[in-house]
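Residues per chain, in single letters:
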Amino acid sequence: MNLSWSNHEDHHYWRRSRNLRWTPFPLQSNKLIGGGISLGPNGQRVLASIAPSALSFVREQGFEYPSFTFANQDGKILGNIPFGSKERYKYGQIMTTRATVHEALLLEDSELDGKVHWSVKVSHVRETNNSVHVEFEDGTVEQCDLLIGADGARSQTRNALFGEEYKPYYDGLTGFGGFVPLSSLAPFTQEAIQNVTPSITMGRVGGFGYSLLNPPNSPSQKLFWFSHCEIEQPLPRDTPRINMMPLLLKRHGSWKSRYDDPNDPEKTLFKQIITVACEGKEENSWFMLPRFFTPLLPHWTSIHGLSKEGSESGIATNKGAGRIVLLGDAAHAMPPEGAQGVSCAVEDSLTLALLLKHYLSQDVTHSESDLVGEAIAKASRSYEDIRMPRVNKILSEAKGKADRKRQITWVQDKIREIAVWIISWLPESYLNDEVFAYEVEVNVAKYLGVSQDSL
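Predicted model, so just to flag it, every value in this text is computed and none were measured.

S.K.: Could you clarify how one ought to interpret the pairing of strand β12 (residues 146-149) in this entry?
M.R.: Taken residue by residue, a regular strand's side chains alternate between the two faces of the sheet. Every second residue of β12 is oriented toward a common face, with L146 and I148 on one face and L147 and G149 on the other, all of them buried. Pairing of β12 with strand β18 (residues 324-326), which is carried by 3 bridges, proceeds in the parallel orientation. Looking at the pairing, I148 lines up with V325 of β18.

The following block contains the structure:
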């Protein structure tokens with residue numbers, strides 16, 4: 001079977017059929033790859049199955065934590081909410097950078113340079129009964145049995161299924177964040193913040209979060225910070241960071257924290273972070289990310305039909321061969337509040353792989369081409385059956401959390417503080433098992449009616 005993998009967002013294209021040239025290593029630009037992420041126990045469980053050395057790399061580089069601390073803008077601790085403890089889920093929640101996960105996955109395969117072609121972009125995708133044709137911006141065309149579209153929220157592959165119907169929309173929130181050296185903060189703050197759990201401070205105009213990024217006592221410890229603002233229209237990506245400093249200081253500069261320097265009331269933790277990030281010269285100390293969301297898709301594969309852009313005839317159809325499959329953000333752009341973007345994407349990957357393996361290994365009397373087409377169609381249907389209910393629930397809950405970060409009244413703020421306090425007393429099993437205890441192999445085996453060992 002000729003398998004293709006489209007990753008247009010990061011400008012990657014992988015396939016098994018040919019060796020292509022190797023261009024400069026992509027990890028030179030953290031700006032392209034993105035900011036900080038939290039990798040949940042469920043995502044780590046998948047990586048342990050498909051890329052164990054990559055998981056070890058991420059865990060060695062990241063900061064493990066069992067809970068989030070919530071506080072109000074006056075510095076009062078509202079509660080400590082469990083968020084994936086190692087004791088319960090085998091793998092503890094990890095705070096790291098997107099670049100670290102990216103690098104770990106690249107290093108997993110020593111023959112990567114023979115499989116990846118960097119710096120190419122997909123311009124058009126169309127499906128026939130027997131194959132998928134992928135056209136690139138340089139005019140070249142590739143043909144494959146199955147195209148996996150993992151090309152992000154602005155997916156070109158998705159257009160083959162829906163056209164522009166489900167394009168991302170700006171939701172009115174713009175995120176700010178980055179990584180600042182812990183050594184750039186006041187000595188008292190540096191000492192006090194060592195080994196603390198990630199924290200989110202909430203106020204009526206939004207929130208401000210921060211977390212360590214590296215293992216305790218790392219010689220180059222950095223602090224990941226993140227905030228957001230309601231802004232009617234997204235600002236240009238090249239807006240100078242120094243221009244945003246007054247806005248962020250106005251919103252958060254007077255907020256209090258346990259880690260403020262008592263000898264200098266002006267050196268609040270939030271003011272220190274904002275000042276270092278906005279005045280500093282380090283490229284990855286500052287990100288401005290307008291938040292775009294994709295509406296819930298009715299399906300993730302071409303088995304249900306193609307848009308006029310994706311069909312061979314140029315006419316939209318309500319039935320396809322299932323040879324185009326969306327994965328990760330192309331199917332479900334996850335708000336950061338869900339902390340499940342990477343985890344859901346790797347769950348998608350393993351689920352689809354297990355289904356393809358199962359259906360391709362079935363002993364049937366058809367020709368090889370018929371077997372491949374039939375297996376792909378069955379895998380596409382099963383993939384949606386297994387993944388869509390779970391991911392759509394996580395996605396809807398994350399979107400709800402994002403909407404609650406908009407400006408609120410004093411009464412709403414107090415109700416939220418009480419709610420956080422109550423939640424902090426609930427058992428971790430109640431709060432997190434549905435998401436973090438999930439095992440892909442168990443659920444695929446249950447769906448197929450086979451033993452887990454047979455997968």
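S.K.: What is the right way to look at the confidence of the model for the protein chain in this model?
M.R.: Where the model shows low pLDDT, its predicted coordinates should not be examined in detail. Looking at the protein chain, the pLDDT average stands at 86 and 90% of residues meet or exceed 70. Considering only residues more than four positions removed or in separate chains, one finds that residues 8-31, a stretch of pLDDT under 50, has 74 contacts.

S.K.: Just to check I follow, could you spell out the nonpolar core for this structure?
M.R.: The nonpolar side chains of a soluble globular protein tend to be buried with one another. Among the nonpolar cores identified, the biggest contains 63 residues, and V125, W300, L326, L355 and V444 are the most heavily contacted of them. Those residues in contact with V444, other than ones at most four positions away along the chain, are T351, L354, L355, I386 and L455. L78, L185, I231 and A277 belong to the second largest nonpolar core, which has 45 residues in total.

S.K.: So what exactly am I meant to see when it comes to empty space enclosed by the protein here?
M.R.: Rolled over the atoms, a probe as big as a water molecule pinpoints where empty space is left. Counted according to the given criterion, the structure contains 2 cavities of 30 Å³ or more. Approximately 70 Å³ is the volume found for the largest cavity. Lining the largest cavity, in full, are T69, A71, G75, I77, S199, T201, Y210, K256, S257, R258, Y259 and F270. Mapped by element, the contributors of at least two residues to the lining of the largest cavity are β5 (67-72) and β14 (199-203). Partitioned by chemical class, the residues of the lining of the largest cavity number 5 nonpolar, 5 polar and 2 charged.

S.K.: Explanation requested: the environment of I148 in the structure shown.
M.R.: Within the secondary structure, I148 is located in strand β12. Of the residues examined, I148 reaches a relative accessible area of 5% and is grouped as buried. When the C-alpha atoms of I148 and R323 are compared, they prove to be 8.3 Å apart, with 175 residues separating the residues in sequence.

The rules behind these values
Residues numbered from 1 in each chain as written. Predicted model: local features only at pLDDT ≥ 70, side-chain atom pairs only at ≥ 80, totals over all residues. Heavy atoms only, no water. Buried < 20%, exposed > 50% of the residue type's maximum accessible area, 1.4 Å probe, protein only. Helix = DSSP H or I, 4+ residues; strand = E, 2+ residues; numbered from the N terminus. Pairing = 2+ DSSP bridges. pLDDT = per-residue confidence, 0-100. Contact = heavy atoms within 4.5 Å. Core = buried A, V, L, I, M, F, W, Y, C linked by side-chain atoms within 4.5 Å. 1 Å grid on protein atoms, 1.4 Å probe; cavity = no way out; pocket = protein on both sides within 12 Å on 5 of 7 lines; lining within 4 Å. Points joined across faces, edges and corners; volume = space filled by probe spheres on them. Nonpolar A, V, L, I, M, F, W, Y, C, P; charged D, E, K, R; others polar.

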